[in-house]
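Descriptive analysis of the structure
Given next are the chains, with one letter for each unit.
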Amino acid sequence: MTKLTPPQDCSSMEEVRAQIDRMDRALVRMLAARAGYIDRAIALKQLNGWPARIPERVEEVVMNARAAAEGEGLDPDLIESLWRQLVEWSIAREARVIREE
């Protein structure tokens, strides 16, 4: 990720907004990379005859995100909500290819 100016060093709203925009672009790049791993998971699940949804793994991913949020001082309920949406999107993407829908 491109080096960001620390929040406390931003002296104007324009600078704060520019840093937020920069971070948002980096987050989108990371989510796109994550989608690439989902695509690979699809191929491996097909080879192994596994379903798109593996409930234990869903909960593991969500709890990992909650723990990471807590470690960063971020609201874990917010992160759980976002991650559940992300995971559901990923499972739907997998299910379309694996032909479970």
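Our subject is the structure that appears above.
Summary of the structure given here. Bear in mind the structure is a predicted one, so any value in this text is a computation, not a measurement. All residue numbers here refer to positions counted from 1 along the written sequence of the relevant chain. Only residues with pLDDT of at least 70 get local features here, since the model is predicted, and only at 80 or more are side-chain atom pairs given and counted; chain-wide, interface and lining totals rely on the full set of residues. Derived side-chain values reflect all non-hydrogen atoms in the structure, with water molecules and hydrogen atoms excluded from consideration.

For the purposes of this entry, the term helix denotes a DSSP run of H or I that reaches at least four residues, the term strand denotes a run of E that reaches at least two, and both are numbered from the N terminus. You can see R96 is positioned in helix α3 (residues 76–98). Exposure remark for R96: the relative accessible area of 44% places this residue in the partly exposed category. Think of it in three bands: residues with accessible area under 20% of the maximum for their type are buried, residues over 50% are exposed, and the middle band is partly exposed, with areas taken using a 1.4 Å probe on protein chains only.

With that out of the way, let us pick up the nonpolar core. For the purposes of this section, nonpolar cores are sets of buried Ala, Val, Leu, Ile, Met, Phe, Trp, Tyr and Cys residues that join through side-chain atoms within 4.5 Å. Counting nine residues, the largest nonpolar core is built from I38, I42, A52, V58, V61, V87, I91, A95 and I98. No other element matches α3, which puts four residues into this core. Residue contacts are counted whenever heavy atoms from the two residues lie within 4.5 Å of one another. If sequence neighbours within four positions are ignored, I98 has contacts with I42, K45, Q46, W50 and A52.

What follows covers helix α2 (residues 55–72). The end-to-end C-alpha distance of α2, which contains 18 residues, comes to 26 Å, matching closely the 26 Å that a straight helix rising 1.5 Å per residue would cover. Among the residues of α2, V58, V61, V62, A65, R66 and A69 are the ones counted as buried. When α2 is viewed along its axis, its buried side chains cluster within an angular range of 135 degrees and face the same direction. Within α2, the exposed residues directed more than 90 degrees away from the buried face are E56 and G71. Looking one or two residues beyond α2, the residue adopting positive phi is G73, at roughly 75 degrees. Helix span, as expected, comes to 1.5 Å for every residue beyond the first. Taken from the helix axis, the directions to the C-beta atoms give the arc we talk about.

For the rest of this paragraph, the subject is helix α1 (residues 13–48). For α1, built from 36 residues, the straight-helix expectation of 52 Å at 1.5 Å per residue is met to within 8% by its first-to-last C-alpha distance of 51 Å. When we look at burial in α1, the residues that qualify are Q19, A26, A35, I38, I42 and K45. Contacts made by the buried residues of α1 are with α3. Downstream of α1 by a residue or two, G49 has a phi angle that is positive, lying close to 70 degrees.

Once that is clear, we can look at the packing of α1 against α3. For every element, the axis is a line fit to its C-alpha atoms; helices are fit only across the contacting stretch, and the angle between N-to-C directions ranges from 0 to 180 degrees. As a packed pair, α1 and α3 sit with axes 10 Å apart at the nearest point and diverge in direction by 40 degrees. Of the possible angle classes, the one that applies to α1 and α3 is oblique. For the pair α1 and α3, the sense of crossing is right-handed. Across from L31, R34, A35, I38, D39, A41, I42, K45 and Q46 in α1, the residues of α3 making contact are L86, V87, W89, S90, R93, E94, V97 and I98. Three residue categories are used. Nonpolar comprises Ala, Val, Leu, Ile, Met, Phe, Trp, Tyr, Cys and Pro, charged comprises Asp, Glu, Lys and Arg, and polar comprises the others, including Gly. When its residues are assigned to classes, the contact of α1 with α3 shows ten nonpolar, two polar and five charged. Reported orientations rely on four angle classes, namely roughly parallel under 35 degrees, roughly antiparallel over 145, roughly perpendicular from 65 to 115, and oblique for the rest. Each crossing is labelled by how the near helix is turned from the far one, with a counterclockwise turn of less than a right angle marking it left-handed and a clockwise turn marking it right-handed.

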